[in-house]
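So the chains spell out like this:
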Amino acid sequence: MDEERRWDVKQQADRAAGLDVHRDNVVAATRINEPGGEVVVTKKRFPTTRRGIGELAAFLTDEAVTRVAMEATGVYWKPLYYALEGLFDELWLCNAQHVKNVPGRKTDLSDAEWLADVAAHGMVRPSFVPPPEIRELRELTRYRKTQVDARGREIQRLEKTLQDAGIKLTSVASAVWSVSSRKIVEALIAGERNPAVLAGLAVGKLRPKAGQLEEALDGRFGAHHGFVCRQVIDHIDFLDDSIAKLSEEIAARLLPFEAAVRLVRSVTGIGELSAQAIIAEIGIDMSRFPTAGHLCAWAGVAPASCESAGRKRPAGTRHGSTWLRRVLIEVARAASRTKGSYFSAQYSRIARRRGTNKAAVAVANSILAVIWHVLTNGCIYEDPGADYFERRHDPAVEAKRLQARIEALGFDVTLSPKAA
């Protein structure tokens, strides 16, 4: 099938600039189309200090550039982008993989010139950069996630230490870190070694298992085990305090976006923390993404395409926002366990044929598409139910759907049961 694509003439920029960003310096190249058709390229190097960035901004302003493009190099692009934001008609942040220069002729100066050329002709798409308030929120939610991950690793380290000491606590208890577990470990650190006394510290559902617990706590807990466990517990307490403070700050910053958080939370499987993380990653203005499919592709939960010589090959999913994708996969697995929901039915149908991992990605795609619609339309999500796929093929439902389509064309239709 032939395909025709027409490039928008507005993509051409007569005065463009490319910035090759590094930690200590940035190379700027301006590309100016003169009225006679001659192209003038000017290159300069600036330090990435505040003074250097000010000189860079003055240089670009003097050249009267209208479009500035830079590579997303680690975190080094951020000071430049934030300082230049709002000074030019277009400020593009480009994926470095999309603007690679010709191998064998690569220098900082040539990279900047190539980036200016690419930007001038509109041969690359700018990346999504959220507004400042969303960027600040994103920093907080991502840091909170790293703290939560660190807490999980410390709990695993505690389990490893107890196993090394022959304390089989998790063979009886469901988790190594609970109220009962902490009391027992604290007693072990204090020097208590009597299994019966340790088992007597259990509370709640663990008390009826005192006999099994007594046997599991008969180990070889030494002084070095106590020292390590003390450090681990103190670190967990520190992380709990840090997570709590971050959650308070995030909640305060989300007050202006409370309505958006409520809309996102209405989607099956999304809790408070997940809704906060999603808003921090995508923002609340969905006009940046023309369709739900664009948002899913940006997040990395949409299928990639790989076609050559008329043959299509499996390509998995597209590369996208790793932070958002991780949250969506967690939400998808939670939604798949929600009985009676549409997403649980979708997950089951796909998992039987293609496996649980692909089913989770498919559900994540559907959830993100729903989020795009609820934020765009401002409506609460209503779950179609687990029987949605069966109802789709109900003859009565299909007949009513067909009737509505015919009436939309301007015809009157009356439905009556067919005579036997």
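These numbers were taken from a predicted model, which means no experiment stands behind them.

Cut-offs applied
- Residues numbered from 1 in each chain as written.
- Predicted model: local features only at pLDDT ≥ 70, side-chain atom pairs only at ≥ 80, totals over all residues.
- Heavy atoms only, no water.
- Helix = DSSP H or I, 4+ residues; strand = E, 2+ residues; numbered from the N terminus.
- Rg over C-alpha atoms; globule rule 2.2 N^0.38 Å.
- Buried < 20%, exposed > 50% of the residue type's maximum accessible area, 1.4 Å probe, protein only.
- Contact = heavy atoms within 4.5 Å.
- Areas by Shrake-Rupley, 256 points an atom, 1.4 Å probe, with all protein chains shown as cover.
- Pairing = 2+ DSSP bridges.
- Axes fitted to C-alpha atoms, helices over the stretch in contact; angles between N-to-C directions.
- Phe/Tyr/Trp six-rings, centres within 6.5 Å; stacked < 30°, edge-to-face > 60°.
- Left-handed = near helix turned anticlockwise from the far one by under 90°.
- Nonpolar A, V, L, I, M, F, W, Y, C, P; charged D, E, K, R; others polar.
- Salt bridge = Lys/Arg side-chain N within 4 Å of Asp/Glu carboxyl O.
- Polar contact = N/O pair within 3.5 Å; in protein donor to acceptor, adjacent residues only side chain to side chain.
- Parallel < 35°, antiparallel > 145°, perpendicular 65-115°, else oblique.

Undergrad: Describe the overall build of the protein, listing the residues and the values that go with them.
TA: Scanning the protein from terminus to terminus reveals 16 helices and 7 strands. Relative to its length of 420 residues, the protein is extended, with a C-alpha radius of gyration of 29 Å against a globular reference of 22 Å. In terms of its C-alpha atoms, the protein occupies a principal-axis envelope of roughly 95 × 85 × 50 Å. Burial statistics for the protein: of 420 residues in total, 40% are counted as buried. At a minimum sequence separation of 6, the contacts of the protein that also span at least 24 residues come to 62%. Carbon and sulfur atoms provide 52% of the accessible area of the protein, an area that totals close to 24500 Å².

Undergrad: I'd love a proper account of unusual backbone geometry, names of residues and values included.
TA: A positive phi is found at Ala-64, a non-glycine position, where the angle reads about 60°. Tracing the sequence through the fold places Ala-64 in the loop between helix H1 (50–62) and strand E4 (67–71).

Undergrad: Could you give me a rundown of the environment of Ala-187, with the residues and numbers involved?
TA: By secondary structure assignment, the location of Ala-187 is in helix H5 (residues 179–190). With a relative accessible area of 13%, Ala-187 lands in the buried category. Once the C-alpha coordinates of Ala-187 and Val-197 are considered, the two residues, 10 residues apart in sequence, prove to be 9.2 Å apart.

Undergrad: So what about the sheet that holds strand E3 (residues 39–47)? Which residues, and what values?
TA: The strand order E3-E2-E1-E4-E5 describes an open sheet built from 5 strands, whose pairing is mixed. In the strand order of this sheet, the two ends are held by E3 and strand E5 (90–94), each with one partner. Along the sheet, successive strands turn relative to each other by an average axial angle of 20°, direction set aside. Relative to E5, E4 runs parallel, the two sharing 5 bridges. The residue bridging Val-68 from the neighbouring strand is Leu-91, located in E5. Against the sheet, helix H2 (residues 77–84) touches strand E1 (15–21), strand E2 (25–33), E4 and E5, its axis set at about 165° to E4.

Undergrad: How would you sum up the packing of aromatic side chains? Please name residues and give values.
TA: Applying the stated rule across the entire model yields 12 aromatic pairs. Ring centres of Phe-46 and Phe-59 lie 5.7 Å apart, and the angle between their planes is 40°; on these two criteria the pair is classed as tilted. Remark: Phe-59 occurs in helix H1 and Phe-46 occurs in strand E3; sequence separation between them is 13 residues. Of the two residues, Phe-46 and Phe-59, neither departs from the other in class, the shared state being buried. Relative to Phe-389, the ring of Tyr-388 has its centre 5.6 Å away and its plane inclined at 75°; by these criteria the two rings are edge-to-face.

Undergrad: So what's going on with the packing of helix H13 (residues 342–354) against helix H14 (residues 356–377)? Residues and values would help.
TA: Between H13 and H14, the shortest axis-to-axis distance is 7 Å and the interhelical angle comes to 150°. In terms of crossing hand, the pair formed by H13 and H14 is right-handed. Here Phe-343, Gln-346, Tyr-347, Ile-350, Ala-351 and Arg-354 of H13 come into contact with H14, specifically with Thr-356, Lys-358, Ala-359, Ala-360, Ala-362, Val-363, Ser-366, Ile-367 and Val-370. Of the residues that constitute the contact of H13 with H14, the class distribution is 10 nonpolar, 3 polar and 2 charged.

Undergrad: Kindly report on the pattern of salt bridges, identifying the contributing residues and their values.
TA: On inspection of all chains with the given rule, the structure shows 22 salt bridges. Put simply, Arg-142 and Glu-281 hold a salt bridge, and the shortest N to O gap is 2.9 Å. Remark: Glu-281 occurs in helix H10 (residues 272–282) and Arg-142 occurs in helix H4 (residues 132–164); sequence separation between them is 139 residues. A relative accessible area of 23% places Arg-142 in the partly exposed class. In this structure Glu-281 comes out as buried when scored by relative accessible area, which is 3%. In this structure, Glu-154 engages Arg-157 in a salt bridge whose closest nitrogen and oxygen atoms are separated by 2.3 Å. Pair noted here: Glu-154 and Arg-157 are both in helix H4, with a separation of 3 residues, about one helical turn. The structure contains a network of salt bridges with shared partners spanning Arg-182, Glu-186, Arg-230, Asp-234 and Asp-237.

Undergrad: If you had to explain the environment of Asp-108 to someone new, which residues and values would you point to?
TA: If you trace the backbone, Asp-108 turns up in helix H3 (residues 108–120). A residue is classified by how much of its surface remains accessible, and Asp-108, at 26% relative accessible area, is partly exposed. A sequence separation of 174 residues divides Asp-108 from Ile-282, and the C-alpha atoms of the two residues are 32 Å apart. Apart from residues no more than four positions distant in its own chain, Asp-108 is found in contact with Asp-20, His-22, Val-27 and Arg-45.

Undergrad: Now, about the side chain of Thr-48: what can you tell me, with residues and values included?
TA: Mapped onto the secondary structure, Thr-48 falls in the loop between E3 and H1. Polar side-chain contacts of Thr-48 include one of 2.7 Å to the backbone oxygen of Arg-23.

Undergrad: Describe the packing of H4 against helix H12 (residues 322–336), with residues and values.
TA: Running from N to C, H4 and H12 cross one another at 60°; their axes reach a closest spacing of 12 Å. With respect to each other, H4 and H12 are oriented oblique. The handedness of the crossing between H4 and H12 comes out as left-handed. Counting all contacts with H4, which are made through Arg-142, Lys-145, Thr-146 and Asp-149, the residues of H12 involved are Trp-323, Arg-326 and Glu-330. Residue composition of the contact of H4 with H12, grouped by class: 1 nonpolar, 1 polar and 5 charged.

Undergrad: Can you explain H10? Please cite residues and give values.
TA: Across the 11 residues that make up H10, a large majority, 9, are buried. Buried within H10 are the following residues: Ser-274, Ala-275, Gln-276, Ala-277, Ile-278, Ile-279, Ala-280, Glu-281 and Ile-282. Buried-residue contacts for H10 involve H4, helix H8 (223–253), helix H9 (258–265), helix H11 (292–299), H12 and H14. One or two positions beyond H10, positive phi appears at Gly-283, with a value near 75°.

What is shown is where atoms sit, not what they do.
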